Number of protein chains: 2
Amino acid sequence: MTKILTKNEAASFLGSHDNYLILTHKRPDGDTLGSAAALTSALRRYGKTANMFFNKDITPKYLPFVQQFLASEDFDFSECTVISVDIADTGLFPAGAPDDVILAIDHHPSNSRFAQNLLLEDSRSACGEIVLDVINLLCGGVNKEEATLLYIALSTDTGCFVYANTDSHSFRTAGELYDAGAETAKVNRIFFRSMSKARLTLEGLVYSSLLSYAENRINIAVITKEMIEKSGATQNDMDDLASLPGKVEGNLVSAMIKENDQGFSKVSLRSNGAVNVSSICAMFGGGGHVMAAGCEMDMPPFQAAETLRKILEDSIKWTE
Amino acid sequence: MTKILTKNEAASFLGSHDNYLILTHKRPDGDTLGSAAALTSALRRYGKTANMFFNKDITPKYLPFVQQFLASEDFDFSECTVISVDIADTGLFPAGAPDDVILAIDHHPSNSRFAQNLLLEDSRSACGEIVLDVINLLCGGVNKEEATLLYIALSTDTGCFVYANTDSHSFRTAGELYDAGAETAKVNRIFFRSMSKARLTLEGLVYSSLLSYAENRINIAVITKEMIEKSGATQNDMDDLASLPGKVEGNLVSAMIKENDQGFSKVSLRSNGAVNVSSICAMFGGGGHVMAAGCEMDMPPFQAAETLRKILEDSIKWTE
């Protein structure tokens, strides 16, 4: 039975235990990493022993910011007080992580109540906003480094304040972190104003070969193995590709089709809500949500594009 | 002799005159248009007659937001109280505008004191932040529409809070505008999350053909007439192209070379500050600033690229 904590209760819990292990989620993003590193730093400042769980999937952009807070790969966490940040369910735990979480701090409405204690604020755009409040209660404020880490959490989870989850609290928190010394310009440069040459080349190949139909309301991108090879892209360059074709002005529904090793198609559909892409993906044994879903299609990518074109043209007829 | 006003003095000036014409600058951007339209709206709410000068260069993305505040093209402004917003100098006045400005509201440190009265806050990232304060003083608050217009001003002048001019005040102002009802998600979708198909195609052609040297510290983009034709881009799709090649991770100095009608090269150089691109452009009869400069080169674009490559390779030797 999970006990729901207030922020004050969570802060006092943290002040009265010790030997913390902070878990980040599988395929860690800026919110889970920034939140975990800032909390680890604050707990150490408060006089506690604290480490982040060694998550082997941390990408090179994040590593320099969090490295000093990471436990070693062979760290013995059997006696630790385990805290999770930004993790909605045990299925999102990284490989090898302990699952006896004493306190979960999260902002996902879908949090599955896996922890003994839970601090959940599901109206926050980033878990980092909640962690900031907890650190303020525990330590009376964040230091410059924690402010930068929490700015990473907030800015990456809002796409630098551009996603629809950005609200007044996100903006005001960013102001507070700026005043606390967050290196916002540096973070923005690294995460939002630059890309690896390979990623930029790959995006270029995608944008210049987009297939647009129905007066640009349907947009389909194809990424072939040849395009990946030509761009030099590696796994670290492949995040968030699904959103690219939807950038076309007037888009209602978009598809990203990536050729897999067998020459078949891995498909991600995105919709503005007018079309239910989950039901389209279900036709091919996939699934997801109304506005974002995925499936695999046992055909080469351009054949999949032509198949999807017809289905999507039918689907938008209902939106008119 | 220009008289410097405080915000209170500017608000009381606006309250005690009437029949306002609000000027926006040449090639109007979101800050000048959002500031002018919000101020026009607030003055009308206060009971004044107010119109924005008919600026014929307003692009289609902005027009729906400001149209109802625009004077007609043949508007007789001979008796108007002329206010300028976000205009640093008379050289930036739109064609046909009156130049007897009674009050200038601006955030440019370079403001040339052309107006009888000046409200200048040169530490603000957008003029819209100053206009918000003035409207708050004049009307006790902004309405939902003015909040959206000022959010357009602020978000476009900070690249949606990603440019280095973004500070605590920018974030807190965004929070205030959100709370006042600004349609932030709609503005973000239109200005930052979507692009015309032609622009996206053109960016794709640029990204997939970037010339990178010296371990990606030098990046040169070429836009030929053929690429423009292939993309279908028009003049409205050509803003801010100069910043594209500098997006490569590790970039120090970048060049955008655009083929002109004669088949020669229009060049924009950008630097992170380590290289003075103004002095490089001066070699070809151009000029500008240390971090942003331009010139024309009487040679075809790929020959210009090769010429610049050698000069830029020499220039970065001094940065090591």
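Residues numbered from 1 in each chain as written. Chains lettered and ligands numbered in written order. Predicted model: local features only at pLDDT ≥ 70, side-chain atom pairs only at ≥ 80, totals over all residues. Heavy atoms only, no water.

(A) Region of the structure containing the pattern of salt bridges. Residues and elements named next belong to chain A. Scanning the model with the defined rule gives 28 salt bridges over all chains in all. Aspartate 57 is the partner of lysine 56 in a salt bridge, and the nearest nitrogen-oxygen pair spans 3.2 Å. For aspartate 57, a relative accessible area of 32% gives the class partly exposed. Shared partners join several salt bridges into a network, and the residues in it are Lys7, Glu121, Arg124 and Asp133. (Salt bridge = Lys/Arg side-chain N within 4 Å of Asp/Glu carboxyl O. Buried < 20%, exposed > 50% of the residue type's maximum accessible area, 1.4 Å probe, protein only.)

(B) Molecular detail of the packing of aromatic side chains. Overall, the coordinates contain 17 aromatic pairs over all chains when judged by the stated rule. Judged by centre distance (6.1 Å) and plane angle (40°), the rings of A:Tyr151 and A:Phe161 are tilted. Taken together, the positions of A:Tyr151 in helix H5 (residues 144-157) and A:Phe161 in the loop between H5 and helix H6 (168-179) put the pair 10 residues apart, joining distant regions of the chain. In this pair, the class of A:Tyr151 matches that of A:Phe161, namely buried. By the ring-pair criterion, three or more aromatic residues cluster together here, those being A:Tyr151, A:Phe161, A:Phe171, B:Tyr151, B:Phe161 and B:Phe171. (Phe/Tyr/Trp six-rings, centres within 6.5 Å; stacked < 30°, edge-to-face > 60°. Helix = DSSP H or I, 4+ residues; strand = E, 2+ residues; numbered from the N terminus.)

(C) How the structure looks around the environment of B:Ser315. All names here are of chain B. Looking at the element boundaries, serine 315 is found in helix H11 (residues 301-317). A residue is classified by how much of its surface remains accessible, and serine 315, at 14% relative accessible area, is buried. Along the chain, serine 315 and valine 275 lie 40 residues apart, while their C-alpha atoms are 6.5 Å from each other. Residue contacts for serine 315: discarding those within four places in its chain leaves Val275 and Ile280. There is a polar contact of 2.8 Å between the side chain of serine 315 and the backbone oxygen of leucine 312. (Contact = heavy atoms within 4.5 Å. Polar contact = N/O pair within 3.5 Å; in protein donor to acceptor, adjacent residues only side chain to side chain.)

(D) Representation of the pairing of strand S4 (residues 81-85) of chain B. Residues and elements named next belong to chain B. Taken across its 5 residues, S4 has 5 buried, putting it largely inside the fold. Side chains Thr81, Ile83 and Val85 project from S4 onto one buried face, and the interleaved Val82 and Ser84 project onto a second face that is buried too. As defined by bridge partners, strand S2 (residues 20-23) adjoins S4 across 4 bridges and the pair is classed as parallel. Looking at the pairing, isoleucine 22 lines up with isoleucine 83 of S4. (Pairing = 2+ DSSP bridges.)

(E) Representation of the relation of the copies chain B and chain A. Mapping chain B onto chain A leaves a residual RMSD of 0.0 Å; the transformation is a rotation of 180° accompanied by 0.0 Å of translation along its axis. The superposition operator between the copies reduces to a two-fold rotation axis. The rotation axis passes nearest to the C-alpha of B:Gly204 in chain B, at a distance of 1.8 Å. (Least-squares fit on C-alpha atoms with pLDDT ≥ 70 in both.)

(F) Examining the side chain of A:Thr166 more closely. With respect to the secondary-structure elements, A:Thr166 resides in the loop between H5 and H6. Non-local contacts of A:Thr166, meaning those with residues more than four positions away in its chain, are made with A:Thr158, A:Phe161, A:Phe171, B:Tyr178 and B:Thr184.

(G) Structural view of the sheet that holds strand S10 (residues 265-271) of chain B. All names here are of chain B. The 6 strands lie next to each other as S7-S8-S9-S10-S12-S11, forming an open sheet whose pairing is mixed. A single partner strand is all that each edge strand has here, and the edge strands are strand S7 (211-213) and strand S11 (287-288). In this structure, S10 lies alongside strand S12 (residues 292-297), joined through 6 bridges in antiparallel fashion. Within S12, the residue paired with arginine 270 across the bridge is alanine 292.

(H) Spatial organisation of the side chain of A:Arg309. All names here are of chain A. Counting through the fold element by element, arginine 309 comes out in helix H11 (residues 301-317). Of note is the side chain of arginine 309, whose polar atom sits 2.7 Å from the side chain of glutamate 306. With near-sequence residues (within four places) excluded, arginine 309 lies in contact with Tyr213 and Ile220.

(I) Representation of helix H5 (residues 144-157) of chain B within the structure. Helix length check: H5(B), at 14 residues, gives a terminal C-alpha distance of 20 Å against a target of 20 Å (1.5 Å per residue), a fit within 8%. The buried count for H5(B) comes to 12 of 14 residues, which makes it a mostly enclosed element. For H5(B), the full list of buried residues reads B:Glu146, B:Ala147, B:Thr148, B:Leu149, B:Leu150, B:Tyr151, B:Ile152, B:Ala153, B:Leu154, B:Ser155, B:Thr156 and B:Asp157. Residues of H5(B) that are buried in the fold lie against H6 of chain A together with helix H2 (30-45), helix H3 (63-66), helix H4 (127-139), helix H6 (168-179) and helix H7 (184-192) of chain B. The residue sitting at the N-terminus of H5(B) and contributing the capping side-chain oxygen is B:Asn143; that oxygen lies 3.2 Å from the backbone nitrogen of B:Glu145. At the exit of H5(B) stands B:Gly159, carrying a positive phi of roughly 60°. (Expected span 1.5 Å × (residues − 1).)

(J) View of the interface of chain B and chain A. Across the contact, 38 residues belong to chain B and 38 residues belong to chain A. Summed over both sides, the interface of chain B with chain A buries roughly 3400 Å², with 62% coming from carbon and sulfur. For the interface between chain B and chain A, the tally reads 4 salt bridges. Between B:Asp179 and A:Arg172 there is a salt bridge whose closest N-O contact spans 2.7 Å. For the interface between chain B and chain A, the tally reads 16 residue pairs in polar contact (both at pLDDT 80 or more). Among the secondary structure elements, those contributing two or more residues to the side of chain B that touches chain A are H6, H7 and helix H8 (197-207) of chain B. Top contributing element to the side of chain B that touches chain A by residue count: H6(B), with 8 residues. Looking at the side of chain B that touches chain A residue by residue, the classes come out as 17 nonpolar, 12 polar and 9 charged. (Buried area = accessible area lost by both parts, 1.4 Å probe. Nonpolar A, V, L, I, M, F, W, Y, C, P; charged D, E, K, R; others polar.)

Without other data, these values stay purely geometric and don't point to any function.
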